[in-house]
Amino acid sequence: MLHADRATLPALDPGDPASLDDLLTDDEKAVRASVRQMLDRSAEPFIAEWFERGGIPNIRELTKELGALGVLGMHLEGYGCAGMSATEYGVACLEIEATDSGLRSLVSVQGSLAMFAIWRWGSEQQKQEWLPRMAAGEAIGCFGLTEPDAGSDPGSMRTRARKDGSDWVLDGRKMWISNAPYADVAIVWANTDDGVRGFIVPSDTPGFSAPEIKHKLSLRASATGELVLDNVRLPESAVLPEARGLKGPLSCLNEARYGIVWGALGAARSSLEAARRYALDRVQFGKPIAAFQLTQQKLADMSLEYIKGYLLAVHLGRRKDAGLLRPEQVSIGKLNNVREALEICRTARTVLGANGISLEYPVIRHQNNLESVLTYEGTVEMHTLVLGQALTGHAAFR
Ligand SMILES: Cc1cc2nc3c(=O)[nH]c(=O)nc-3n(C[C@H](O)[C@H](O)[C@H](O)COP(=O)(O)OP(=O)(O)OC[C@H]3O[C@@H](n4cnc5c(N)ncnc54)[C@H](O)[C@@H]3O)c2cc1C
């Protein structure tokens, strides 16, 4: 066993006290650096303003820039996708969400929901038609599963697709759909006589509209909309041939949830770092507030949860790269990391005092954003029940 002398040990980095950096390969660090560089140039300086105004004015250019960076459908093979590892994809999600959960949502919905649906369940012709444009950010996708009366229980969806000759005709309404207002294509899940099927719906199809949902106080940099399907007629070539039943949409959600396991840590890291720096600068009672034990306890607790969440994300990433990751394990990661990231943001906010509620600092923005992340892609309660079932063998969903 090596007994290192304390004096010869590497210096401790206050931004990474557990040396988590050692867990990443050089390739993973290179992905992190290139994503960070692009965000520092094209998003970080503007994100608070985008949040405040409720949208990204140059969304198309930004999406193309993300495409050029290779993060759209990043972990998919072929069709113009970067074919990176799951861990590299996770590292990118963390970095993107350290800027804003809304941006990470854009990337997740594009790559893990809309593109993955086509990549996994589509025909060769559908893949050729859509994936290269989507990987380049030239076409934006959205994914419509949730409905006004069907959220955690998507099996109760009312959107219907019926056969009419060789065509399909879709009627119904989807709710809370990220990217919908500017999407060029929607993946729509609908009930048919043959169970749930997925459809590729170009947004210029007659009868389709995607009005924006206003008055959100969370994920404001990401546009959210409804999908209204009023007698939308589609050719047979629009149906995803390989997807039958809820396993189609659930497989896509599993991909996106994996990205969230990492992404939520980005919001947490940004908030924790903001709190640490603020505590060192802010003087009260003649001392930096960082010198008070109560502040140190907050910083220590936030740091511990971040470290534990990161270890879990790396572990799940390695399992995914080895082809061993089970959906229940993704639930463990999503449940823990989003819940703890939100708690970190809430604690960080208290460290900043009144400044904690200002958009001058990233903390309240991350905190508000994570309220959505806690709910979408399966609520805390749903993932708790998934883990409960894994632990007991009893399903307690209904
Ligand atoms: C900003 C944002 C973006 C989104 N983007 C998308 C998107 O792109 N595509 C998409 O399809 N959807 C999207 N969603 C929808 C999201 O996935 C749903 O909101 C989520 O699945 C929860 O559904 P719900 O809101 O209808 O809540 P409900 O299902 O009505 O749940 C309400 C509460 O009841 C609890 N609950 C429900 N059933 C049980 C049970 N059996 N046991 C215990 N508790 C239970 C829930 O956990 C929750 O706390 C988005 C949501 C938001 C907020």
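This write-up is about the structure you can find in this document.

Rules and cut-offs
Residues numbered from 1 in each chain as written. Predicted model: local features only at pLDDT ≥ 70, side-chain atom pairs only at ≥ 80, totals over all residues. Heavy atoms only, no water. Helix = DSSP H or I, 4+ residues; strand = E, 2+ residues; numbered from the N terminus. Buried < 20%, exposed > 50% of the residue type's maximum accessible area, 1.4 Å probe, protein only. Contact = heavy atoms within 4.5 Å. Axes fitted to C-alpha atoms, helices over the stretch in contact; angles between N-to-C directions. Nonpolar A, V, L, I, M, F, W, Y, C, P; charged D, E, K, R; others polar. Expected span 1.5 Å × (residues − 1). Arc of directions from axis to C-beta. Salt bridge = Lys/Arg side-chain N within 4 Å of Asp/Glu carboxyl O. Near = heavy atom within 4 Å. Polar contact = N/O pair within 3.5 Å; in protein donor to acceptor, adjacent residues only side chain to side chain. 1 Å grid on protein atoms, 1.4 Å probe; cavity = no way out; pocket = protein on both sides within 12 Å on 5 of 7 lines; lining within 4 Å. Sits in = over half its atoms within 2 Å of the grid points. Points joined across faces, edges and corners; volume = space filled by probe spheres on them. Disulfide = S-S within 2.5 Å. Phe/Tyr/Trp six-rings, centres within 6.5 Å; stacked < 30°, edge-to-face > 60°. Lys NZ or Arg CZ within 6 Å of the ring centre and 35° of its normal. Core = buried A, V, L, I, M, F, W, Y, C linked by side-chain atoms within 4.5 Å.

## A look at the side chain of serine 178
Inspection of the secondary structure assignment puts serine 178 in strand S3 (residues 167–178). Owing to a relative accessible area of 12%, serine 178 belongs among the buried residues under this scheme. Ignoring anything within four residues of it in the chain, the contact list for serine 178 reads Val109, Cys142, Ser222, Ala223 and Thr224.

## Concerning the packing of helix H4 (residues 86–99) against helix H5 (residues 101–121)
When two helices pack together, their arrangement is given by the angle between their axes and by how far apart the axes lie. Viewed as axis vectors pointing N to C, H4 and H5 meet at an angle of 145°, and their least axial separation amounts to 6 Å. Between H4 and H5, the contacting residues are Tyr89, Cys93, Ile96, Glu97 and Thr99 on the first element and Ser101, Leu103, Arg104, Val107, Ser108 and Ser112 on the second. When the residues that make up the contact of H4 with H5 are grouped by side-chain class, the tally is five nonpolar, four polar and two charged.

## What about helix H6 (residues 124–135)?
With twelve residues, H6 extends 16 Å from end C-alpha to end C-alpha; this agrees with the ideal 16 Å at 1.5 Å per step. Considered for burial, the residues of H6 that qualify are Gln126, Lys127, Trp130, Leu131, Met134 and Ala135. Looking straight down H6, one finds its buried side chains confined to an arc of 120°; they lie on one side. Contacts made by the buried residues of H6 are with helix H3 (59–69), H5, strand S1 (141–144), strand S4 (185–192) and strand S5 (195–202). Count one or two residues on from H6 and you reach glycine 137, which has phi positive near 80°.

## Some thoughts on the pattern of salt bridges
A complete count under the given rule lists 28 salt bridges for this structure. Residues arginine 277 and glutamate 273 are paired through a salt bridge, measuring 3.1 Å at the closest nitrogen-oxygen approach. Of this pair, arginine 277 and glutamate 273 both sit in helix H7 (residues 247–281), four residues apart, which is roughly one turn of the helix. Across the pair glutamate 328 and arginine 326 runs a salt bridge whose closest N-O atoms are separated by 3.0 Å. By sharing partners, the salt bridges in this structure join Arg36, Asp40, Glu44, Glu95 and Arg269 into a single network.

## Things to note about the site of the ligand
Residues in contact with the ligand amount to 18 residues; listed here are only the nearest, Thr146, Ser152, Trp176, Thr379 and Glu381. Between the ligand and glutamate 381 there is a distance of 2.7 Å, counted from an oxygen atom to a side-chain nitrogen or oxygen. Judged by the fraction of its atoms near the pocket grid, the ligand is located in the largest pocket. Breaking the shell around the ligand down by element, the ones donating at least two residues are S3, helix H10 (363–375) and helix H11 (380–392). By residue class, the composition of the shell around the ligand is nine nonpolar, seven polar and two charged.

## Observations concerning the layout of surface pockets
Computed from the structure, the largest pocket encloses a volume of approximately 1300 Å³. Put simply, the parts of the chain that give the lining of the largest pocket at least two residues each are H5, S3, H7, helix H9 (327–351), H10 and H11. The leading source of residues in the lining of the largest pocket is H5, at five residues. In terms of residue class, the lining of the largest pocket is built from 17 nonpolar, 16 polar and eight charged. Reported here for the second largest pocket is a volume of approximately 530 Å³. If you tally residues by element for the lining of the second largest pocket, the top one is helix H8 (residues 293–321), at six residues. Considered class by class, the residues forming the lining of the second largest pocket number 13 nonpolar, two polar and eight charged.

## A closer look at the state of the cysteines
According to the stated counting rule, one finds zero disulfides in the structure shown. A disulfide-free cysteine, cysteine 142 has its sulfur positioned 13 Å from the sulfur of cysteine 252, the nearest such atom. Cysteine 142 gets classed as buried once you look at its relative accessible area, which sits at 0%. Left without a disulfide partner, cysteine 345 is nearest to the cysteine sulfur of cysteine 93, which lies 17 Å away.

## Focus on the packing of aromatic side chains
Within this structure, the stated rule accounts for seven aromatic pairs. Centroid distance tryptophan 262 to tyrosine 310: 5.8 Å. Interplanar angle 75°. Geometry classified as edge-to-face. Highlighted residues: tryptophan 262 in helix H7 and tyrosine 310 in helix H8, separated in sequence by 48 residues. Taken as a pair, tryptophan 262 and tyrosine 310 share a single burial class, namely buried. Geometrically, the ring pair formed by tyrosine 278 and tyrosine 361 is edge-to-face, given 5.6 Å between the ring centres and 85° between the ring planes. Note that tyrosine 278 is positioned in helix H7 and tyrosine 361 in the loop between H9 and H10, a separation of 83 residues in sequence. Of the aromatic side chains, those joined through ring pairs into one cluster are Trp262, Tyr306 and Tyr310. In this arrangement the basic side chain of arginine 120 is found over the ring face of tryptophan 121, its NZ or CZ atom lying 3.9 Å from the centre.

## Quick word on the nonpolar core
Grouped together as the largest cluster of nonpolar side chains are 100 residues, with contacts concentrated most on Val71, Ile187, Trp189, Trp262, Tyr306 and Tyr310. In terms of residue count, the dominant contributor to this core is H7 (16 residues). Discounting residues that sit within four places of it in the chain, isoleucine 187 has contacts with Ala114, Ala117, Ile118, Cys142, Phe143, Gly144, Phe199, Ile200 and Leu240. Grouped together as the second largest cluster of nonpolar side chains are 20 residues, Phe199, Phe208, Leu229 and Val239 included.

## Topic: the environment of methionine 134
Inspection of the secondary structure assignment puts methionine 134 in helix H6. Separated by 119 residues in sequence, methionine 134 and leucine 253 place their C-alpha atoms 18 Å apart. Setting aside its immediate chain neighbours within four residues, methionine 134 contacts Leu72, Gln110, Ala114, Met115, Ile118, Ala139, Gly141 and Val185.

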